[in-house]
Structures are given as C-alpha cells and as structure tokens.
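A closer look at the structure
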Protein chains: 2
Amino acid sequence: MKTISLQEISTALKVSKSTISYVLNGRGDEKRISINTQQMIEEYAKAHNYKPNPLARSLIVGKSNMIGFVLPNIADFFFARITRSIEKKAMQSGYEVVFSSTGEDKEREEKSIQSMLDRNVDGLIIASSQKNEKDILRLTQNKFPMVLIDRKYPDISTNFVGLNNIGGITMLVEHLINMGRKKIGFVSLNMDLLTLNERLNSYEETMKRNGCEVKKGFIQQLEYNHTDNDMERIIKIMLSKSIGVEGLIFSTQFLAADGIRALNKMNIKVPTDMAVVSYGHKNDFDLFKVPLTAIDFPVEEIGEKAVDILLENMKDINMKKEEFYFNTELIVRESCGSH
Amino acid sequence: MKTISLQEISTALKVSKSTISYVLNGRGDEKRISINTQQMIEEYAKAHNYKPNPLARSLIVGKSNMIGFVLPNIADFFFARITRSIEKKAMQSGYEVVFSSTGEDKEREEKSIQSMLDRNVDGLIIASSQKNEKDILRLTQNKFPMVLIDRKYPDISTNFVGLNNIGGITMLVEHLINMGRKKIGFVSLNMDLLTLNERLNSYEETMKRNGCEVKKGFIQQLEYNHTDNDMERIIKIMLSKSIGVEGLIFSTQFLAADGIRALNKMNIKVPTDMAVVSYGHKNDFDLFKVPLTAIDFPVEEIGEKAVDILLENMKDINMKKEEFYFNTELIVRESCGSH
DNA sequence: TTGAAAGCGCTACCAA
DNA sequence: TTGGTAGCGCTTTCAA
C-alpha cells in the first residue's frame with residue numbers, strides 16, 4: 001500500500017532530498033543539476049513508481065491540485081451531469097474534483113466550503129443555496145478563485161455561469177399563445193432562487209407584453225418536497241371555472257413530470273383540455289403519452305465553461321469578473337396541439 | 001481565509017501545543033489536564049473558530065476522515081443516487097466523500113484508486129470497471145477497508161453489495177410467459193460485467209426451465225455507445241419472420257428507453273405486436289405512451305449498506321467478508337398487455 | 001499537570 | 001552542481 005518516499009530514494013541514490021525534489025518537479029535544468037544525476041533520479045523514480053505525497057506537498061505549497069464543487073444535491077440529474085463535465089474538464093488540466101452536497105442548507109454549505117478550504121482546494125465552483133451571502137462575500141473579498149453556477153447573488157459581483165431564463169420563458173409563453181392559449185398558468189417552486197424568480201418575472205412580463213392578463217390563481221408555487229396530492233390540488237384550482245387555465249408552464253422539468261402525472265390521474269386530456277410545456281428537459285419527454293414540448297439547455301456546457309473561467313481565475317487572481325449565460329432551445333412536440 | 005493554528009493559540013494562551021492538542025482531541029481528562037486549562041483552551045478555540053488543519057493531521061495519523069468512492073460515471077443516474085446516499089450516510093458518521101469517475105477505463109480506475117490512497121482515504125467503495133483485478137487483489141491482500149458495489153470479481157473474496165439479478169430476471173421472463181409470450185428476446189450490452197452476465201444466464205435458464213426455446217437471434221448485445229440506428233437494426237432482426245420475437249427484455253433501464261424509442265419510430269405497437277419489460281426502473285416509466293413494466297430495485301439502499309459494511313471493516317480490519325444482495329421488485333404496468 | 005522536541009513527507013532557502 | 005536545514009501544522013513520546 002505504501003509508496004516509496006523522497007527520503008528512501010535519497011538514501012538509495014546517495015543524493016540529497018532537495019536535488020531529487022528539484023529534478024522530479026522539472027526544475028532540474030533551472031537548478032543546473034547534471035544530466036547524469038537527473039537521469040539517474042528519474043529512472044529510479046519511474047522504476048519504483050514514486051508518487052509525491054500530495055498531503056505533504058499541499059501542506060507546504062498551499063495548493064492541492066483539487067477543485068471543489070459545492071452543489072445542492074448530487075442525485076439531481078441536472079447537477080450530476082454538470083459534475084461529470086466539471087470532472088472531465090478539470091482532469092484535462094490535471095485537477096481532481098471534490099464535491100459536496102448541501103441539501104440547500106445554509107449550515108451545510110458553510111461547512112462544505114470551509115472543509116474544502118481547509119483541504120487547500122485551489123478553486124471553488126459553487127451552486128449555492130443562495131442563503132450563504134457571508135461566505136460568498138468573504139471568498140470574493142479574499143480574491144479566492146471561484147465561480148458560481150446556476151445560483152447567483154444579485155448584490156455580489158462574482159464569476160457566474162447560468163442560463164438565459166428570460167429568453168427561455170419568453171419562447172414558452174409565446175409558443176402557447178401562438179397555439180391559441182391565452183389563459184396560461186405558471187407552476188413553480190416556492191424557493192427563493194434568483195433563477196426561479198427570473199422565470200416567474202419573465203412569465204409575467206411576456207404575458208403582459210402580449211396582452212394576456214395574469215389572473216389571480218394563475219401562479220402557483222409548490223414546496224420543494226411536494227406530494228402528488230399537492231400537485232393535483234393546485235391543478236384543480238387552476239382548472240376551476242373562475243380561473244380556467246388552458247395552458248400550463250412548469251418552471252422545472254421535475255415539476256413538469258409531476259404535473260403530467262397529476263393530469264393523467266385526473267384524466268385531463270393533453271393538449272385538448274390543457275396545453276403543457278416544461279422549462280427544462282428530461283431524456284424521456286419524447287416517449288411520454290403526449291410527447292412534451294420543452295425548453296432544453298446545454299447542461300454539460302455549464303460545467304465546462306465554469307471550469308474554463310475558474311482556471312483563468314486561478315491564473316490571474318485579479319481578473320475581471322466574467323458572467324456567462326447560455327441560451328436555451330425550444331423543442332416543440334405535441335403537448336400544445338398539432339404544429 | 002486562513003484559520004487560526006495551534007501555534008497561535010499556544011502563544012496567545014502561553015500553553016504548549018501538546019496540551020492544547022490533547023484537550024481539543026478530548027483527551028484532556030485522560031492526560032489529566034487541569035479543568036481550568038481545559039476550559040480556557042476550549043473557550044479560546046471556540047471563540048476563534050479553531051479547526052485543525054486536516055492535511056497536517058492526516059499526514060501524521062495516516063487517516064483523513066474521508067471515504068473514497070470510485071465509480072464508472074457520476075452522470076449515470078443510478079450511480080448519482082448511490083453517491084448521494086453514500087455521502088449522506090458517511091456524513092452521519094463524520095466522514096466526507098471523495099469520488100472519481102473512471103469511464104469504465106482500467107487506467108483511470110487505477111489512477112483514481114492510487115490518488116485516493118495517496119490522500120489517505122480511510123476506506124474505499126468501488127463500482128469497478130471489472131478490469132482492474134490487480135488493484136482489487138492488492139487492496140484485499142493489504143487488508144485495506146473496501147467494499148465493492150454492483151461490480152464484482154468472481155475470483156476475489158471481498159465485501160460486496162449488489163442486486164439479486166437472478167430473481168429479477170426470473171420474474172420478468174415468467175411475467176412475459178404468463179402474459180402468453182413464449183418467444184422472448186433479450187437485449188443487453190456487450191460489456192463483460194458480471195451483473196450483466198448474471199442477467200443473461202438467468203434469462204436463458206428461466207426460458208429453459210419453462211420449456212421455451214432460446215433461438216438463434218433471441219439474444220442481442222449492443223455497444224455501450226450504440227446509436228438509435230443500432231437499436232432499430234437489432235429489433236428489426238428479432239422481428240424478422242425466422243426469429244419472430246413477441247416479447248423483449250431489456251437488461252437495463254437505459255436500453256429499455258432506447259428500445260421504446262426505436263419501437264415507436266418503427267411504428268410497432270406495444271404490447272399488441274411486442275411486449276416489453278425493463279430490468280431497472282426510471283422515474284417516468286409510468287408516464288410513457290404505454291406505461292412500462294419494469295424491475296425496480298433499491299438504489300439508495302445499496303450505498304447505505306456499502307457504507308455500513310465499510311465502517312465495520314474500518315473498525316475491524318480482519319472482519320469476515322460480507323456479501324449482500326438486494327431483492328428486486330416487479331412493477332407491472334401495461335407494456336405486456338392487460339393484467 | 002504540563003512542556004519540549006521529534007517527526008509525518010515534502011519544498012525552498014541558503015551554503016558550499 | 002549539490003546538500004543541509006528549516007518549517008508547513010499537527011500528534012505523540014518522553015521528560016519535568
């Protein structure tokens with residue numbers, strides 16, 4: 001299990017540790033170590049499969065070759081895909097990734113960040129709970145290399161990679177209107193996330209701009225941990241005579257799937273009785289009873305871009321903050337009627 | 001960014017580092033440090049939010065409070081869910097998790113394992129590529145705490161948590177037979193994984209046991225990175241007159257979704273023209289055009305059980321190897337006809 | 001009841 | 001061109 005240490009190869013080769021360290025760190029020429037010793041050392045190291053102890057090294061140089069990724073939940077497919085792309089991209093530059101799920105909890109997010117800092121990560125990618133202004137501010141002020149993804153703090157200027165929510169929702173609303181629906185409901189989560197708020201605001205604005213009234217009851221917000229019953233309840237409300245919604249926008253792909261499940265159970269015909277669209281895409285939307293029209297967006301790309309910016313930031317502590325928004329794409333299927 | 005160090009609190013309090021270390025590690029009474037100094041130290045530490053540097057500590061004690069999880073791909077929903085459950089369970093015992101995706105690649109798996117070992121992880125959970133016998137053997141021989149999940153080496157005795165594949169496939173075959181289908185095809189991946197082989201063998205045995213012939217062409221294996229066309233091609237083959245399959249078992253949930261996609265495209269009616277079942281479940285199978293009958297299994301539980309066994313193993317290096325198989329559950333929907 | 005000092009494995013400075 | 005040595009922040013042995 002143990003790997004050979006600098007000390008051991010030093011005594012074996014009768015060469016000082018420092019010399020070996022220089023050579024193995026590619027500073028042999030710079031330090032003008034003779035070509036012979038260099039070769040000897042390198043051969044021995046390779047032959048004995050020497051790997052420097054990253055802990056010892058990290059302790060002294062203050063770096064770790066690790067990037068930390070703090071996210072709400074690794075079991076969320078959206079974040080799992082981002083994680084993979086971060087990992088891939090980071091690996092290409094010789095970095096490893098440590099991650100930690102926070103469950104949208106402030107304390108756990110604080111702990112995760114601190115723990116990664118303690119482990120000397122060289123940079124941080126954070127999909128924050130948006131309840132942890134303190135740490136984000138602290139990191140920013142200390143010029144610690146960091147990029148936020150998906151979740152942003154409006155009052156703090158940071159690197160950020162996210163989605164063009166406004167464009168996406170606009171497409172959705174206008175698609176529904178084009179399909180002849182004017183009374184459009186909006187189902188979201190009651191979490192205070194900027195990304196969700198942007199979607200809601202964009203819905204309201206686009207409705208107004210198109211001369212569609214947003215009646216009381218058109219907007220419904222569910223708990224993050226809602227049940228099937230909760231979903232049925234709010235759909236029932238929106239279908240009631242006084243409200244009479246004819247089209248439904250779900251603000252996340254998970255809500256959309258839950259919504260379809262409820263509609264099926266309540267025997268409400270899509271798209272005849274109710275047109276449905278989803279902000280966010282799932283792999284099997286095309287296989288649904290009524291294939292679902294949805295906004296898709298680049299997921300892997302978010303992670304890749306975040307790593308790009310982070311690496312830049314690691315090179316240049318004082319770099320200008322960069323914000324990047326990916327555009328979304330409307331995938332039209334059959335859930336709003338024939339097209 | 002920097003946190004206070006032992007040295008700093010030592011000079012501030014005029015107490016030696018060792019004393020402080022003892023107290024802060026809960027060995028104050030054992031070392032018979034006076035209650036006064038103990039209190040003083042603890043208060044000061046709390047007030048200044050002292051956190052021992054995990055790197056320095058790890059370097060000396062050879063432990064890290066981290067569990068390593070090596071897996072094929074974090075973007076695979078199955079593994080993402082397991083990762084989350086491992087993380088949750090580990091956290092309850094004060095451990096953090098580092099993970100690494102290997103992409104089913106032997107070299108990358110070796111590297112990941114070595115890197116985790118170098119970082120002094122206290123134990124390893126591995127969903128191996130099954131191409132890395134060498135490391136698994138080495139770890140076993142060195143009595144390094146480890147548990148394998150999902151992927152197993154038949155020739156090496158290790159801790160293991162997996163699925164009762166045989167039971168699951170048996171249910172699937174017999175369900176199809178009960179629904180009146182005798183000519184049943186089996187679609188799998190051409191990867192040499194024990195878990196996949198078990199499913200294939202179980203299919204053949206159950207067919208035989210029930211007096212159903214497994215004709216040439218009944219068994220089809222696709223590349224891991226197959227295209228939609230590949231899937232259509234093999235379905236076409238199985239549907240050809242000479243073979244004439246009436247029911248299809250897909251050996252993973254991903255294959256099943258791809259298969260349904262192909263059947264839809266080819267305009268083959270499920271279940272009339274073709275009954276379909278999936279070994280493995282996806283969240284939205286119930287929302288499909290024809291809700292899909294599938295084998296479901298506990299996913300989170302695999303991770304939890306793995307952590308349980310690993311913690312045991314970390315406590316007792318010489319513990320008897322434990323193998324655990326979770327039973328699967330048949331969820332009957334409509335893809336094999338009315339029930 | 002407490003402290004001094006060694007040492008984990010490495011890097012980096014200063015000497016030689 | 002190379003080596004000695006200090007020190008990263010901590011734990012642990014031995015001495016006081």
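Residues numbered from 1 in each chain as written. Chains lettered and ligands numbered in written order. Predicted model: local features only at pLDDT ≥ 70, side-chain atom pairs only at ≥ 80, totals over all residues. Heavy atoms only, no water.

- Chain A carries the name LacI family transcriptional regulator in an unreviewed UniProt entry, which gives Seonamhaeicola aphaedonensis as its organism.

Digging into the domain arrangement of chain A
Residue and element names in this part refer to chain A.
- Domains assigned within chain A are domain 1 (6-52), domain 2 (66-163 + 299-326) and domain 3 (165-297 + 330-336).
- Between the C-alpha centres of domain 2 and domain 3 there is a distance of 30 Å.
- Facing the 11 residues of domain 2 at the interface are 12 residues of domain 3.
- At the boundary of domain 2 with domain 3, total buried surface from both sides reaches about 1000 Å², with 59% on carbon and sulfur atoms.
- Our count for the domain 2 to domain 3 interface comes out at 0 salt bridges. (Domains from an automatic or database assignment. Contact = heavy atoms within 4.5 Å. Buried area = accessible area lost by both parts, 1.4 Å probe. Salt bridge = Lys/Arg side-chain N within 4 Å of Asp/Glu carboxyl O.)

Points about the protein's contact with DNA strand C
- Around DNA strand C, a shell composed of 28 residues is seen, among which Leu-6, Lys-17 and Tyr-22 of chain A together with Ser-34 and Ile-60 of chain B lie nearest.
- The sugar-phosphate backbone supplies 60% of the atoms of DNA strand C found within 4 Å of the protein.
- For DNA strand C, a sugar or linking oxygen lies 3.1 Å from a polar atom in the backbone of Arg-32 of chain B.
- Contacts to DNA strand C include Ser-34 of chain B, whose backbone N or O atom sits 2.6 Å from a phosphate oxygen.
- Within the surface near DNA strand C, the residues separate by chemical class into 11 nonpolar, 10 polar and 7 charged. (Near = heavy atom within 4 Å. Polar contact = N/O pair within 3.5 Å; in protein donor to acceptor, adjacent residues only side chain to side chain. Nonpolar A, V, L, I, M, F, W, Y, C, P; charged D, E, K, R; others polar.)

Considering the environment of Val-161 of chain A
- Relative to the assigned elements, Val-161 of chain A resides in strand β5 (residues 159-163).
- Each residue touching Val-161 of chain A, except ones within four places of it in the same chain, is listed here: Val-147, Leu-148, Ile-149, Asp-150, Ile-302, Lys-305, Ala-306, Ile-309, Phe-324 and Phe-326 of chain A. (Helix = DSSP H or I, 4+ residues; strand = E, 2+ residues; numbered from the N terminus.)

Some thoughts on the protein's contact with DNA strand D
- Taken together, 28 residues form the shell around DNA strand D, and within it Ile-60 of chain A together with Leu-6, Lys-17, Tyr-22 and Arg-57 of chain B come nearest.
- The share of sugar and phosphate among atoms of DNA strand D within 4 Å of the protein is 57%.
- A distance of 3.0 Å separates a sugar or linking oxygen of DNA strand D from a polar atom in the backbone of Arg-32 of chain A.
- At the level of elements, α2 (17-24) and α4 (54-61) of chain A together with α2 (17-24) and α4 (54-61) of chain B are the ones that each hand at least two residues to the surface near DNA strand D.
- Its residues assigned to classes, the surface near DNA strand D shows 11 nonpolar, 10 polar and 7 charged.

Here's the deal with the packing of helix α8 (residues 165-178) of chain A against helix α9 (residues 194-209) of chain A
Residues and elements named next belong to chain A.
- Between α8 and α9, the shortest axis-to-axis distance is 8 Å and the interhelical angle comes to 40°. Here α9 runs oblique to α8, going by the angle between their axes. Of the two possible hands of crossing, α8 and α9 adopt the one that is right-handed. Across the interface between the two elements, Asn-165, Ile-166, Ile-169, Thr-170, Val-173 and Glu-174 of α8 pack against Thr-195, Glu-198, Arg-199, Ser-202, Tyr-203, Thr-206, Met-207 and Arg-209 of α9. (Axes fitted to C-alpha atoms, helices over the stretch in contact; angles between N-to-C directions. Parallel < 35°, antiparallel > 145°, perpendicular 65-115°, else oblique. Left-handed = near helix turned anticlockwise from the far one by under 90°.)

Observations concerning the pattern of salt bridges
- Considering all chains together, one arrives at 38 salt bridges over all chains under this definition.
- Among the salt bridges present, the one from Glu-322 of chain A reaches Lys-305 of chain A, with a minimum N-O distance of 3.7 Å. Placement of Glu-322 of chain A in the loop between α12 (300-315) and β11 (323-326) and of Lys-305 of chain A in helix α12 is noted, with a sequence separation of 17 residues between them.
- Put simply, Glu-104 of chain B and Arg-151 of chain B hold a salt bridge, and the shortest N to O gap is 2.8 Å. Of the two residues, Glu-104 of chain B sits in the loop between β2 (96-101) and α6 (106-118) while Arg-151 of chain B sits in the loop between β4 (146-149) and β5 (159-163), which places them 47 residues apart along the sequence. The burial state of Glu-104 of chain B is the same as that of Arg-151 of chain B; both residues are buried.
- It is possible to trace a salt-bridge network through shared partners that takes in Asp-258, Arg-261 and Lys-282 of chain A together with Asp-284 and Asp-286 of chain B. (Buried < 20%, exposed > 50% of the residue type's maximum accessible area, 1.4 Å probe, protein only.)

Here's the deal with the relation of the copies chain A and chain B
- The two copies are related by a screw operation: chain A maps onto chain B through 180° of rotation and 0.0 Å of translation along the axis, at an RMSD of 0.0 Å. What the superposition gives is, in effect, a two-fold axis relating one chain to the other. When C-alpha distances to the rotation axis are compared across chain A, the minimum falls at Lys-289 of chain A, with a value of 1.8 Å. (Least-squares fit on C-alpha atoms with pLDDT ≥ 70 in both.)

What to know about the interface of chain A and chain B
- At the interface, 49 residues of chain A touch 49 residues of chain B.
- Summed over both partners, the interface of chain A with chain B buries about 4400 Å², with 59% contributed by carbon and sulfur atoms.
- Joining chain A to chain B, the criterion identifies 8 salt bridges.
- Here Glu-96 of chain B makes a salt bridge to Arg-119 of chain A, at a shortest N to O gap of 2.9 Å.
- Scanning the region where chain A abuts chain B turns up 20 residue pairs in polar contact (both at pLDDT 80 or more).
- Taken together, the elements giving at least two residues each to the side of chain A that touches chain B come down to α4, α5 (77-92), β2 (96-101), α6 (106-118), α7 (133-141) and α11 (253-265) of chain A.
- The greatest single-element share of the side of chain A that touches chain B, amounting to 7 residues, is contributed by α5 of chain A.
- Among the residues forming the side of chain A that touches chain B, the class breakdown is 21 nonpolar, 14 polar and 14 charged.

What to know about the UniProt feature "domain: HTH lacI-type" (unreviewed entry) in chain A
- UniProt tags residues 4-61 of chain A as "domain: HTH lacI-type" (unreviewed entry).
- A helix fraction of 64% and a strand fraction of 0% characterise residues 4-61 of chain A, whose end C-alpha atoms lie 21 Å from each other. (UniProt positions renumbered as here; feature names shortened; annotations may be inferred.)

Observations concerning the sheet that holds strand β4 (residues 146-149) of chain A
All names here are of chain A.
- Reading across the sheet, the 6 strands line up as β2-β1-β3-β4-β5-β11 and stay open at both edges, with parallel pairing between neighbours. One side of each edge strand has no neighbouring strand; the edge strands of this open sheet are β2 and β11. Between one strand and the next, the sheet's axes are offset by a mean angle of 15°, whatever the strand orientation.
- Relative to β2, strand β1 (residues 66-71) is paired through 6 bridges, and the arrangement is parallel. Counted as the bridge partner of Met-66 is Glu-96 from β2. (Pairing = 2+ DSSP bridges.)

Describing the packing of aromatic side chains
- Scanning all chains against the criterion turns up 16 aromatic pairs over all chains.
- Seen in terms of ring centroids, Phe-77 of chain A and Phe-77 of chain B are 6.1 Å apart; in terms of plane orientation they differ by 75°. Their pairing is edge-to-face. Taken as a pair, Phe-77 of chain A in helix α5 and Phe-77 of chain B in helix α5 (residues 77-92) lie in two separate chains rather than in one.
- Its relative accessible area of 23% is what places Phe-77 of chain B among the partly exposed residues.
- Ring plane angle 75° and centroid distance 4.9 Å describe the contact between Phe-99 of chain A and Phe-99 of chain B, whose orientation is recorded as edge-to-face. With one member in each of two chains, Phe-99 of chain A in strand β2 and Phe-99 of chain B in strand β2 form a pair that bridges those chains. (Phe/Tyr/Trp six-rings, centres within 6.5 Å; stacked < 30°, edge-to-face > 60°.)

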